[in-house]
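Chain by chain, the residues run as shown.
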Amino acid sequence: MHCPACRTSRLQPAKLEDGLLGHGCPQCSGTLVSLLHYRDWAERQPEQEGVATLAAEEQVGESSHALSCPKCAKLMSKFQISGTRANRLDLCGTCDEAWLDSGEWQLLKALELSHRMPAIFTEAWQRQVRQQASEQARRERFTRIAGEEAIARADEIREWLKDHPQRRELLFYIGHD
């Protein structure tokens, strides 16, 4: 099999974790992971205890172009990991194989998602990612307009109002001069 990202290098057996094997590219360091093997590995793992960290200087790759599955040659679908990260995992829906670009496994571990990878490929997860991205863009837009200090204060007020018994009345009062 050839690397779906480089398209020239041959994939070689690679180890992501003890008991979790894949096919890695020696050129771009990406890895093809069978979700069947992944699920088996994840079931045998104890609950995550510590939080892995991702050093700021570590590079996390991201293939920008559409990838073809190295097994069946069909196009792989891209699934965004979170609303705060641009990285996307590639999935072949036919072969149930995921492509992890260089550093994406470490990113999943840092985000505490290494034991929940298949959830990323669900519509519910992708809807949540879109909501996160929308909220982050809205916050950035208002921060440019009002400034970080004002938005931080507004966040405090929002949190205070969230479960307040007279929330509606207070919002009505604030909205009317």
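Provided above is the structure to which this section pertains.
One structure accompanies this document, and this report is about it.

Reading the values: rules and limits
- Residues numbered from 1 in each chain as written.
- Predicted model: local features only at pLDDT ≥ 70, side-chain atom pairs only at ≥ 80, totals over all residues.
- Heavy atoms only, no water.
- Buried < 20%, exposed > 50% of the residue type's maximum accessible area, 1.4 Å probe, protein only.
- Helix = DSSP H or I, 4+ residues; strand = E, 2+ residues; numbered from the N terminus.
- Pairing = 2+ DSSP bridges.
- Expected span 1.5 Å × (residues − 1).
- Contact = heavy atoms within 4.5 Å.
- Polar contact = N/O pair within 3.5 Å; in protein donor to acceptor, adjacent residues only side chain to side chain.
- Arc of directions from axis to C-beta.

As for the pairing of strand β3 (residues 31–34)
- The alternating pattern of β3 places Thr 31 and Val 33 and Leu 32 and Ser 34 on opposite faces, both of which are buried.
- Pairing of strand β2 (residues 20–24) with β3, which is carried by two bridges, proceeds in the antiparallel orientation. Paired with His 23 across the strands is Leu 32, a residue of β3.
- What sits between the antiparallel neighbours β2 and β3 is a turn of six residues, in which Ser 29 has the positive phi angle 65°.
- Inspection of the sheet shows β3 paired to strand β6 (residues 97–100) by four bridges, in the antiparallel sense. From the neighbouring strand, Ser 34 faces β6, where its bridge partner is Glu 97.

Some words on helix α4 (residues 123–146)
- Between its first and last C-alpha atoms α4 spans 34 Å; for 24 residues at 1.5 Å apiece the expected length is 34 Å, and the two agree.
- For α4, every residue scored as buried is listed here: Trp 125, Gln 126, Val 129 and Thr 143.
- In the core, the buried residues of α4 are packed alongside β4 (77–82), α3 (117–120) and α5 (148–162).
- Phi turns positive one or two residues past the end of α4, at Gly 147, with a value near 100°.

Topic: the environment of Ala 133
- On the secondary structure map, Ala 133 appears in helix α4.
- In the structure, Ala 133 is positioned 47 residues away from Ala 86 in sequence and 9.8 Å away in space, judged by C-alpha atoms.

Some words on the side chain of Ser 9
- By secondary structure assignment, the location of Ser 9 is in the segment before β1 (12–17).
- Look at Ser 9 and you get buried, because its relative accessible area is 12%.
- Polar side-chain contacts of Ser 9 include one of 2.7 Å to the side chain of Gln 27.
- Aside from chain neighbours lying at most four places away, what touches Ser 9 is Met 1, His 2, Cys 3, Cys 25, Pro 26 and Gln 27.

Quick look at helix α1 (residues 35–43)
- Taken together, the buried positions of α1 are occupied by Leu 35, Tyr 38, Trp 41 and Ala 42. Relative to the axis of α1, the buried residues are bounded by an arc of 115° and lie together on one face. Looking at α1, the residues exposed on the side facing more than 90 degrees away from the buried face are Leu 36 and Glu 43.

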